[in-house]
Protein chains: 2
Amino acid sequence: MKIFDVSMLIEENMTVYKDREEKKPSLKLEKKISKDGINESTISMNLHTGTHIDSPYHMQSDGKTIESLDLSNLITKCYVFDLTNVTSGINKSDLINLNIKEGSFVLLKTKNSFSEVFLMDFVYLTKSGAEYLAEKKIVGLGIDALGIERDQPKHDTHNILFDNEIIIIEGLRLKEIDEGEYFMIALPIKIKGADGAPARVVLIQEISIEDGIVLSK
Amino acid sequence: MKIFDVSMLIEENMTVYKDREEKKPSLKLEKKISKDGINESTISMNLHTGTHIDSPYHMQSDGKTIESLDLSNLITKCYVFDLTNVTSGINKSDLINLNIKEGSFVLLKTKNSFSEVFLMDFVYLTKSGAEYLAEKKIVGLGIDALGIERDQPKHDTHNILFDNEIIIIEGLRLKEIDEGEYFMIALPIKIKGADGAPARVVLIQEISIEDGIVLSK
């Protein structure tokens, strides 16, 4: 089994959306071995920190919250498409020649994955791109940007995806990932009523029976 | 594919270790749709909140931190053992008749899973139990208590397990889980240098090729 960890490392000086200071997490060692016999920390963070999943409630007052997402859509086959040639918005025209299958989970690898700093002109999904993916009836979409849209006052991209029950993963790190098919596991922490949650996301290749997978007949 | 979510729900009034108020998480809706066009929250929480993984650094100054755990030990076959008959500490004598295999990940289901409140006399693993599991060379251990030990000033149970590179998962919810073999996915969020991290943990049964698992030949 080959496991690729495509999650961002959460740390105080990490890259955050539009480099906004208030979006950086803070960690505090509340108990220390030297004094208390154990190390024990607390964290304060925006729920959209690092690699995370948005829930519809992020943009829609009556939308589903993060704990109610169906995990069978997050433990599933996925396809990584290489869009590193796109320089700004990903439009329908950038997607139309890809072999996107109904019911699939799609991950978009862009030039964002190659930057260690926040790109103010990050590659994002346009309204036409979102409409096309909704038409293709995908179940989920992941991108290597901290936002799947950019400068849309009405949040069209998010809303089109949410209206079509498409799960959105943001903040993936796909630099080392070749285009192709993987088994994806994307697990957000289970926070009640939340607009999103940090997640650990891995892509797996070459699973074998020896890895302990118990297959039904 | 049948997915059992064995993770606690993170919420402000959730059960925390010894009911200590300062260990309860707090959530704050920083932006609201009515005012800001989006819902966006922050969370403050102890890293040992709900279902979580301890890293050796929790008890050992030179111990590994959470981001460095090998994920192949957390995406693996596991065995759930029913110890609901144990009333206090789990000793070697409670474990010796179980079929515990070298290299396996062991989950202990106890009466803790049946309580919605924190039990001050929660079932835990004693020093003799930890020594026995180390002798059996397991790779990881999960329990349905928020602490794997109770009232040990030198943290013997934790230290024996960490000294033997045994991963510790705490805060599982195993009420609905029958004794037996499962495929486990336990993914902590990836926090740099941390003594532990909240995790989403699922147990899977009846995986089939149709679920998208790509097996190598």
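Let us look at the structure shown here. All figures in this text were calculated on a predicted structure; none of them were measured in a lab.

Here's the deal with the interface of chain B and chain A
Every contact between the two is made by 63 residues of chain B and, on the other side, 63 residues of chain A. Counting each side, the surface lost to burial between chain B and chain A is near 5600 Å², with a carbon and sulfur contribution of 62%. Joining chain B to chain A, the criterion identifies 6 salt bridges. The set of elements that each furnish at least two residues to the side of chain B that touches chain A consists of β1 (2–5), β2 (26–31), β3 (40–46), β5 (75–82), β11 (180–188) and β12 (196–205) of chain B. For the side of chain B that touches chain A, the leading source of residues is β3(B), giving 7 residues. Of the residues that constitute the side of chain B that touches chain A, the class distribution is 31 nonpolar, 17 polar and 15 charged. As paired strands, strand β3 (residues 40–46) of chain A and β3(B) are joined by 5 bridges and run antiparallel to one another. Within the sheet, the bridge partner assigned to A:Met45 lies in β3(B) and is B:Ile43.

What to know about the packing of aromatic side chains
Think of a pair of aromatic rings as described by two things: how far the centres are apart, and how the planes are tilted against each other in angle. Using the criterion set out here, one finds 10 aromatic pairs over all chains in the structure. Measuring from ring centre to ring centre gives 6.1 Å for A:Tyr17 and A:Phe122, while their planes differ by 65°; the resulting arrangement is edge-to-face. Taken together, the residues A:Tyr17 in the loop between β1 (2–5) and β2 (26–31) and A:Phe122 in the loop between β7 (105–109) and β8 (124–125) connect sequence positions 105 residues apart. Given the relative accessible area of 21%, A:Tyr17 is considered partly exposed. On the basis of an interplanar angle of 90° and a centroid distance of 6.1 Å, the ring pair of B:Phe4 and B:Tyr182 is categorised as edge-to-face. Placement of the pair is B:Phe4 in strand β1 and B:Tyr182 in strand β11, with a sequence separation of 178 residues. On the basis of relative accessible area, B:Phe4 is assigned to the buried category, the value being 17%. Three or more aromatic residues link up through ring pairs in this structure, and these residues are A:Tyr17, A:Phe118 and A:Phe122. Positioned above the aromatic ring of A:Phe122 is the side chain of A:Arg150, whose terminal nitrogen or guanidinium carbon lies 5.5 Å from the ring centre.

Focus: unusual backbone geometry
All names here are of chain B. Not every positive phi belongs to a glycine, and Lys 18 is a case in point at roughly 55°. Looking at the element boundaries, Lys 18 is found in the loop between β1 and β2. On the accessibility criterion, Lys 18 (25% relative accessible area) is partly exposed. At Asp 19, a position not held by glycine, the phi torsion is positive, near 60°. By secondary structure assignment, the location of Asp 19 is in the loop between β1 and β2. Classification of Asp 19 by relative accessible area gives partly exposed; the value is 40%.

Examining the relation of the copies chain B and chain A
Relative to chain A, chain B is turned by 180° and slid 0.0 Å along the rotation axis, the superposed coordinates differing by an RMSD of 0.0 Å. What the superposition gives is, in effect, a two-fold axis relating one chain to the other. Of the C-alpha atoms belonging to chain B, the one lying closest to the rotation axis is found on B:Ser44, 2.1 Å away. A shared interface surface links the copies, since 100% of the contact residues of chain B are contact residues in chain A too.

Considerations on the environment of A:Asn46
For A:Asn46, the position within the fold is in strand β3. On the basis of relative accessibility, which here comes to 9%, the residue A:Asn46 falls in the buried class. Taking the C-alpha atoms as reference points, A:Asn46 and A:Ser26, 20 residues apart in sequence, are found 9.8 Å from one another. Excluding anything up to four places from it in sequence, A:Asn46 contacts A:Lys23, B:Glu40, B:Ser41 and B:Thr42. In this structure the side chain of A:Asn46 is engaged in a polar contact, spanning 2.9 Å, whose partner is the side chain of B:Glu40.

Reading guide: rules and limits
Residues numbered from 1 in each chain as written. Chains lettered and ligands numbered in written order. Predicted model: local features only at pLDDT ≥ 70, side-chain atom pairs only at ≥ 80, totals over all residues. Heavy atoms only, no water. Contact = heavy atoms within 4.5 Å. Buried area = accessible area lost by both parts, 1.4 Å probe. Salt bridge = Lys/Arg side-chain N within 4 Å of Asp/Glu carboxyl O. Helix = DSSP H or I, 4+ residues; strand = E, 2+ residues; numbered from the N terminus. Nonpolar A, V, L, I, M, F, W, Y, C, P; charged D, E, K, R; others polar. Pairing = 2+ DSSP bridges. Phe/Tyr/Trp six-rings, centres within 6.5 Å; stacked < 30°, edge-to-face > 60°. Buried < 20%, exposed > 50% of the residue type's maximum accessible area, 1.4 Å probe, protein only. Lys NZ or Arg CZ within 6 Å of the ring centre and 35° of its normal. Least-squares fit on C-alpha atoms with pLDDT ≥ 70 in both. Polar contact = N/O pair within 3.5 Å; in protein donor to acceptor, adjacent residues only side chain to side chain.

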